[in-house]
Amino acid sequence: MQFSKFFNTVLLAVLYASAASASSLVPGAKHATHRVRNINSDVKLETFHPESSFTTFGEGVDHPLRKRDDVSVGDAAAAFVESQLGVKADAVQVKSTSENTEAKHAYIQQKLNGVPFANAVANVAFNKDDKVVAFGSSFVKPTKAAPATPSVKVEDAIKTAEQKLNGKFDAENFPAPSLEYLAKQDGSAALTHVFQVRNEDANTWFEAFVDAHTGELASVTDFRAEATYRVLPITKEVLTEGFQNLVDPQDTTASPQGWHSDGTTSTTSTAGNNAISFKGSQTSTTSQSGSGLQFIFNQSPSAAPTQQANLDAARTNAFYIVNTVHDISFKYGFTESTFNFQNNNFGNGGKANDRVTISVQDKNGVDNADFSTPPDGQSGAMRMFLWDITNPERDGALENDIVVHENTHGITNRLTGGGTGRCLQTTEAGGMGEGWSDAFAEWTEHKDSTVPDYVMGQYVTNDAAGIRTHPYSTSASTNPLRYSSIAQLNEVHDIGEVWANILHNVYAALVKAHGFSTTAHTDPTGSEGNIVYLHLFIDALSLQPCNPTLPTARDAWIQADVNRFGGANKCTLWNAFASRGLGQKAANHRDDTTVPAGC
Ligand SMILES: [Zn+2]
């Protein structure tokens with residue numbers, strides 16, 4: 001019964017896929033452009049994100065201003081977009097730029113009547129030779145556009161959104177409302193009032209788009225990425241965690257003032273430039289247990305997690321993990337100028353005052369964790385909950401893979417699309433967000449060149465099988481997920497498993513080819529496979545288009561390898577991607593195992 005149902009669905013997908021790739025009859029066909037959001041019992045929205053094209057150029061092509069001196073990245077990118085899409089200069093606006101050692105990036109918004117589009121964007125990447133190496137675009141040709149002057153007052157728009165989204169616009173702490181066009185599925189362009197609406201108790205945080213002529217809530221950006229963990233019966237033995245006293249784990253190139261100072265203010269608590277770890281309110285941090293920034297608290301697994309020493313151990317551990325993720329990702333290119341999370345950016349670009357806030361033992365949830373990523377300049381908000389599967393309960397802040405998973409949502413949401421927090425919103429891109437988060441958690445735990453199967457969430461669930469449907473594995477019998485599996489999946493964590501398993505195999509292939517560095521967390525200069533992998537992981541996020549798909553994200557990895565390593569890993573990467581169905585001709589959730597000639 002199960003088998004024949006599955007077969008029918010697959011057959012349907014094959015029949016319709018070529019005729020109408022955007023048809024809702026095809027399972028998964030709207031993953032790349034839509035997302036259904038059940039806001040609450042009264043409000044259900046299907047958001048639309050115009051499809052992103054994505055072209056990579058290997059060694060690069062010239063842009064129109066190449067022969068001029070002193071051309072900014074933004075101007076060069078704007079000229080390139082104009083020439084590629086045949087649009088005039090007044091249709092193009094630079095939103096942000098960033099650079100790492102291998103590439104410069106510009107993120108562009110389409111403009112009409114002097115008003116930028118929220119969801120019609122482009123991104124252009126340049127290599128060290130000032131050549132264009134990647135171009136993504138979701139620009140649209142609207143069939144009709146609303147007048148650029150609103151007929152609905154912004155105050156009324158805010159009232160509507162606050163009511164529909166059950167939250168508040170915080171005039172003091174949120175960016176001022178703006179006017180932006182929104183490309184709609186019917187081909188029209190709606191003028192919208194854009195502003196944030198948050199409800200801290202209910203843990204919702206949206207960017208609302210209210211039609212400035214009809215007054216209707218037209219769309220949302222959901223800044224929150226939730227980890228909805230699959231909970232399994234308690235059938236396994238208790239895991240034991242080994243605590244260790246680490247001395248000076250901070251990396252002073254990534255955090256020049258250490259973890260407890262922003263250069264002006266110093267603390268002796270779990271509050272610093274990159275993160276603040278607290279319970280309840282931000283004044284409830286953990287203070288040092290001894291002078292000289294000692295945070296030594298003996299966690300007792302037999303006592304309740306809320307017991308004082310256990311709470312302090314949890315706040316300390318979460319603070320340590322988020323700072324360590326800050327430092328590792330900084331070394332590999334997630335810096336101030338690429339929109340990371342710091343209160344003081346030390347004059348290195350990007351927007352400041354946005355350290356990660358970590359709410360430990362947050363009272364608003366259980367058996368879960370989440371992370372909200374507003375735009376650069378506003379703090380990323382992590383919430384860790386208790387898990388009530390065991391007695392005593394367990395604390396997610398003490399399971400490192402969960403903390404790293406949540407923190408990675410901030411990295412992927414900031415690097416994709418240039419710091420807007422808007423570019424992992426479709427079902428497929430949101431699913432990949434979950435995949436990157438699992439994959440980065442896995443990366444941090446590798447100890448040698450072996451690549452064992454990886455399981456997420458074993459401690460909090462007290463189950464060696466963890467919280468995903470399969471371990472991540474190089475064995476296709478242990479984990480049979482392939483690119484085509486996505487056609488049957490609708491939930492972002494399920495889709496994420498497909499991407500994380502592909503990345504597990506990419507990682508294994510690179511480590512097999514280049515070996516393993518035991519100092520990869522602090523030294524990104526080596527040539528070992530785990531270092532190569534994390535460089536490509538981070539570099540590709542800046543290259544890929546807004547709301548990427550698995551094929552465009554894969555192309556970004558291939559291009560990142562050209563930029564940084566001259567394409568040395570081309571065949572290793574293609575063979576690994578193709579081994580799970582993401583070969584050269586993979587499209588519309590149909591597998592392909594083709595690799596380039598010579599691979
Ligand atoms: Zn997640």
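Residues numbered from 1 in each chain as written. Predicted model: local features only at pLDDT ≥ 70, side-chain atom pairs only at ≥ 80, totals over all residues. Heavy atoms only, no water.

Under an unreviewed UniProt entry, the name given to the protein chain is Extracellular metalloproteinase, and the source organism is Steccherinum ochraceum. Here the protein chain is described in UniProt, under the heading Subcellular location (unreviewed entry), as follows: "Secreted". (UniProt positions renumbered as here; feature names shortened; annotations may be inferred.)

Peer 1: Explain the overall build of the protein chain here, please?
Peer 2: In terms of helices and strands, the protein chain carries eleven helices and 19 strands. Along the longest, intermediate and shortest principal axes, the C-alpha atoms of the protein chain span 65 × 60 × 60 Å. Burial analysis of the protein chain (599 residues in total) assigns 58% to the buried set. Roughly 24,200 Å² of accessible area belongs to the protein chain as shown, and the carbon and sulfur atoms make up 49% of that amount. Between the centroid of the 45 positive side chains of the protein chain and the centroid of its 65 negative side chains there is a distance of 6 Å. (Helix = DSSP H or I, 4+ residues; strand = E, 2+ residues; numbered from the N terminus. Buried < 20%, exposed > 50% of the residue type's maximum accessible area, 1.4 Å probe, protein only. Areas by Shrake-Rupley, 256 points an atom, 1.4 Å probe, with all protein chains shown as cover. Lys, Arg positive; Asp, Glu negative; His and termini not counted. Charge placed at Lys NZ, Arg CZ, Asp CG, Glu CD.)

Peer 1: In this structure, what is going on with the coordination of the zinc ion? I would like to understand it.
Peer 2: Reference geometry at the metal: tetrahedral coordination by four donors gives ideal angles of 109.5 degrees; octahedral coordination by six donors gives 90 or 180 degrees. In this structure, His405 (NE2), His409 (NE2) and Glu434 (OE) serve as the protein donors to the zinc ion, at separations of 2.0 to 2.1 Å. Linear spacing of the donor residues for the zinc ion on their chain is H-x3-H-x24-E. With His409 in helix α5 (residues 400–415) and Glu434 in helix α6 (residues 427–445), this residue pair connects regions lying 25 residues apart in the sequence. Overall, His409 belongs to the buried group, its relative accessible area being 1%. Glu434 gets classed as buried once you look at its relative accessible area, which sits at 3%. (Donors = N, O, S within 2.8 Å, 3.2 Å for Na, K, Ca; no water.)

Peer 1: Please clarify how the UniProt feature "binding site: Zn(2+)" (unreviewed entry) in the protein chain should be interpreted in this entry.
Peer 2: Cross-referencing UniProt, the feature "binding site: Zn(2+)" (unreviewed entry) maps to Glu226, His405, His409 and Glu434 in the present numbering. Turning to its location among the elements, His405 is positioned in helix α5. Under the relative-accessibility criterion, His405 is labelled buried at 0%.

Peer 1: Would you mind going over the domain arrangement of the protein chain with me for this structure?
Peer 2: Taken domain by domain, the protein chain consists of domain 1 (53–134), domain 2 (145–218), domain 3 (275–415) and domain 4 (427–579). The C-alpha-based centres of domain 3 and domain 4 are spaced at 23 Å. Its largest share of buried area at the contact with domain 4, domain 3 owes to Tyr332, Arg394 and His405, together 30% of the area lost on that side. Our count for the contact surface shared by domain 3 and domain 4 stands at zero salt bridges. (Domains from an automatic or database assignment. Buried area = accessible area lost by both parts, 1.4 Å probe. Salt bridge = Lys/Arg side-chain N within 4 Å of Asp/Glu carboxyl O.)

Peer 1: I would appreciate a short explanation of the environment of Ile276 in the present structure.
Peer 2: Counting through the fold element by element, Ile276 comes out in strand β14 (residues 275–278). If we ignore the near neighbours within four places in the chain, the residues touching Ile276 are Thr270, Ala271, Gln282, Thr285, Arg355, Val356, Thr357 and Ile358. (Contact = heavy atoms within 4.5 Å.)

Peer 1: I tried to follow helix α11 (residues 570–579) on my own but got confused; where do I start?
Peer 2: Note on helix geometry: an α-helix contains 3.6 residues per turn, so any two residues three or four positions apart are oriented the same way. Along α11, the residues that are buried comprise Leu573, Trp574, Ala576, Phe577 and Ala578. The inward-facing, buried residues of α11 contact α8 (492–514), α9 (529–543) and α10 (550–565). One or two residues past the end of α11 sits Gly581, with phi positive at roughly 90 degrees.

Peer 1: How should the packing of aromatic side chains be read in this particular structure?
Peer 2: Aromatic ring pairs are described here by two measures, namely the spacing of the ring centres and the angle between the planes. A full pass over the atoms with the stated rule returns 20 aromatic pairs. Ring centres 5.9 Å apart and planes at 90 degrees place the aromatic pair Trp436 and Trp499 in the edge-to-face group. One end of the pair, Trp436, is in helix α6; the other, Trp499, is in helix α8, with 63 residues separating them in the sequence. By relative accessible area, which is 0% here, Trp436 ends up buried. You can call Trp499 buried: its relative accessible area is 0%. Each ring, one from Tyr533 and one from Phe537, has its centre 6.0 Å from the other, and the planes form 50 degrees; the classification is tilted. Taken together, the residues span about one helical turn, with Tyr533 and Phe537 both in helix α9 at a distance of four residues. (Phe/Tyr/Trp six-rings, centres within 6.5 Å; stacked < 30°, edge-to-face > 60°.)

Peer 1: Help me out: how do you make sense of the pattern of salt bridges in this one?
Peer 2: Two side chains that carry opposite charge are able to pair once their charged atoms sit near each other. Under the counting rule described, the total for this entry stands at 21 salt bridges. For Arg66, the salt bridge identified is with Asp62, shortest N-O distance 2.9 Å. Notably, a salt bridge pairs Glu102 with Lys128, separated by 3.0 Å at the nearest N-O pair. With Glu102 in the loop between β4 (92–99) and β5 (104–112) and Lys128 in the loop between β6 (115–126) and β7 (132–137), the pair connects residues that are 26 residues apart, well separated along the chain. In this structure Glu102 comes out as buried when scored by relative accessible area, which is 9%. Members of the salt-bridge network, linked through shared partners, are Asp62, Arg66, Asp130 and Lys131.

Peer 1: Is there a simple way to explain the pairing of β4 in this structure?
Peer 2: Along any regular strand, the residues point their side chains to alternate faces of the sheet. Direction of pairing for β4 relative to β5: antiparallel, over a ladder of seven bridges. What sits directly across from Ser98, in β5, is His105. Connecting the antiparallel pair β4 and β5 is a turn made up of four residues. (Pairing = 2+ DSSP bridges.)

Peer 1: Would you mind showing me how to read the nonpolar core here?
Peer 2: Grouped burial of nonpolar side chains is what soluble globular proteins tend to show. Trp499, Tyr533, Phe537 and Trp557 are the most contacted members of the largest nonpolar core, which totals 89 residues. If you tally residues by element for this core, the top one is α8, at eleven residues. With residues near it in sequence (within four places) discarded, Trp557 still touches Trp499, Leu503, Val506, Tyr533, Leu536, Phe537, Ala540, Leu573 and Phe577. In terms of nonpolar packing, the next biggest core, distinct from the first, is built from 19 residues, Ala157, Ile158, Ala161 and Phe223 among them. (Core = buried A, V, L, I, M, F, W, Y, C linked by side-chain atoms within 4.5 Å.)

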